[in-house]
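If you want the building blocks of each chain, they are given just below.
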Amino acid sequence: MRGNKKTIYILIFLVGLLIGYLSTQWSYFTIDKNINPIDSIGIIVNIFLVVFISNALEKRKTENRVEKDIIIDKLKNIGLVSGKIIIVDNKFRFSSATSIFKDLSTEISALKTMINYTGLRFNENKIMELRSRYLEFKTIITGQVVHNDELQFEEINKNKSIIIGRKLKEIIYELIIDCNKL
Amino acid sequence: MTVNIAKDFSITPGPRTISEGSYSAELFLNTILRAAFKNVLSQSKVLTVNLDGTAGFATSFLEESFGCLQRENPSIIVEDHIHFISEEEPYLLEEILEYISNARK
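Residues numbered from 1 in each chain as written. Chains lettered and ligands numbered in written order. Predicted model: local features only at pLDDT ≥ 70, side-chain atom pairs only at ≥ 80, totals over all residues. Heavy atoms only, no water.

Right, let's talk about the pairing of strand 3 (residues 82–85) of chain B for a bit. Residues and elements named next belong to chain B. Alternating residues of strand 3 divide into Ile-82 and Phe-84, all buried, and His-83 and Ile-85, none buried. Pairing of strand 2 (residues 47–50) with strand 3 involves four bridges; the strand directions are parallel. Following the sheet pairing, Asn-50 is matched in strand 3 by Ile-85. For the crossover that starts at strand 2, traverses helix 3 (residues 59–72) and ends in the parallel strand 3, the hand is right-handed. (Buried < 20%, exposed > 50% of the residue type's maximum accessible area, 1.4 Å probe, protein only. Helix = DSSP H or I, 4+ residues; strand = E, 2+ residues; numbered from the N terminus. Pairing = 2+ DSSP bridges. Right-handed = clockwise from strand over helix to strand, strands pointing away.)

Here it is as structure tokens:
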């Protein structure tokens, strides 16, 4: 970062030197007082193109930002919903789990639709990984034995669930970072 | 023939076995799915299973219902005779097909 700044300062200094040199050599320049209509039209067209292109690029950049923000919000929401699974005393309410995983599945599916719609180029493997992590998480949580509407976790499965849940969150964070870089 | 799980069985499908709780996969298989499947097989038709409208499915429910159906009918490819509908959770279809496919192994 510091090296970059130094290079910029040196460049500015060199440009300054050049301008200074040219201004002392002003006598070498000749100014044509006749206006060439073709050149004038060329200049106007160039100015118009510069303004038009920069406006179009700015508009596209703003649209891109909005699309990215929507997808990031969706990813954050997936993270929040998955965070609702907290195993206490090796138990978790069965009916809550099935409903949370339905929400998660719907959200992931909506995310995929949004990504396709915006045309943002995500790493397809990471989207697939999000989906497989979700399924892994659902399988370990809702695959446990149920008693009195409570999923019963053996210690080993509880620990596995925590690890899988963490991996799901990690892939969500990676996708958020990737989205910002696109 | 159509089986709508939310309407014909429960909007809160339960765990794997009857002993684990109400509206289990075992109960669904015993009271609805097995009979409906046999019926369509005998008529060479396709059974439509609508998965929408419920509060969500546990992995164990889906595996026990459709995986078990495949294990009970090893000479048949179950998914050739069932048409699944899941507008709310499109990924559910892949999930169920995976359980059926695993049951054939």
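The structure having been displayed, the exposition proceeds.
Next up on the list: a nonpolar patch on the surface. All names here are of chain A. On the surface, Ile-41, Val-45, Phe-48, Leu-49, Phe-52, Ile-53 and Leu-57 cluster together to form a nonpolar patch covering roughly 710 Å² of accessible area. Secondary-structure assignment places Val-45 in helix 2 (residues 37–82). The exposure class of Val-45 is partly exposed, given its relative accessible area of 40%. (Patch = residues over 30% accessible without salt bridge, like charges linked within 9 Å, V, L, I, M, F, W, Y side chains within 5 Å. Areas by Shrake-Rupley, 256 points an atom, 1.4 Å probe, with all protein chains shown as cover. Salt bridge = Lys/Arg side-chain N within 4 Å of Asp/Glu carboxyl O.)

This paragraph deals with the sheet that holds strand 2 of chain B. Strand pairing within a sheet occurs via backbone hydrogen bonds; the two strands may be parallel or antiparallel. Residues and elements named next belong to chain B. Pairing in this open sheet of three strands is parallel, and the strands run 1-2-3 from one edge to the other. The open sheet terminates on both sides in strands that have one partner only, identified here as strand 1 (2–4) and strand 3. The average angle at which neighbouring strand axes cross in this sheet is 20°, direction not considered. Set on the sheet, helix 2 (residues 25–42) makes contact with strand 1, strand 2 and strand 3; between it and strand 2 the angle comes to about 145°. (Axes fitted to C-alpha atoms, helices over the stretch in contact; angles between N-to-C directions. Contact = heavy atoms within 4.5 Å.)

Taken together, the contact pairs 22 residues of chain B with 21 residues of chain A. Regarding the contact of chain B and chain A, the summed buried area is about 1,600 Å², with carbon and sulfur atoms giving 50% of it. The largest contributions to the chain B side of the interface with chain A come from Glu-20, Glu-89 and Tyr-91 of chain B, which together make up 38% of the buried area. Linking Arg-131 of chain A and Glu-94 of chain B is a salt bridge whose minimum nitrogen-to-oxygen distance equals 3.3 Å. In this structure, the connection of chain B to chain A is made through 10 residue pairs in polar contact (both at pLDDT 80 or more). Of all the secondary-structure elements, those providing two or more residues to the side of chain B that touches chain A are helix 3 and helix 4 (91–104) of chain B. Here the side of chain B that touches chain A is composed, by residue class, of 10 nonpolar, six polar and six charged. (Buried area = accessible area lost by both parts, 1.4 Å probe. Polar contact = N/O pair within 3.5 Å; in protein donor to acceptor, adjacent residues only side chain to side chain. Nonpolar A, V, L, I, M, F, W, Y, C, P; charged D, E, K, R; others polar.)

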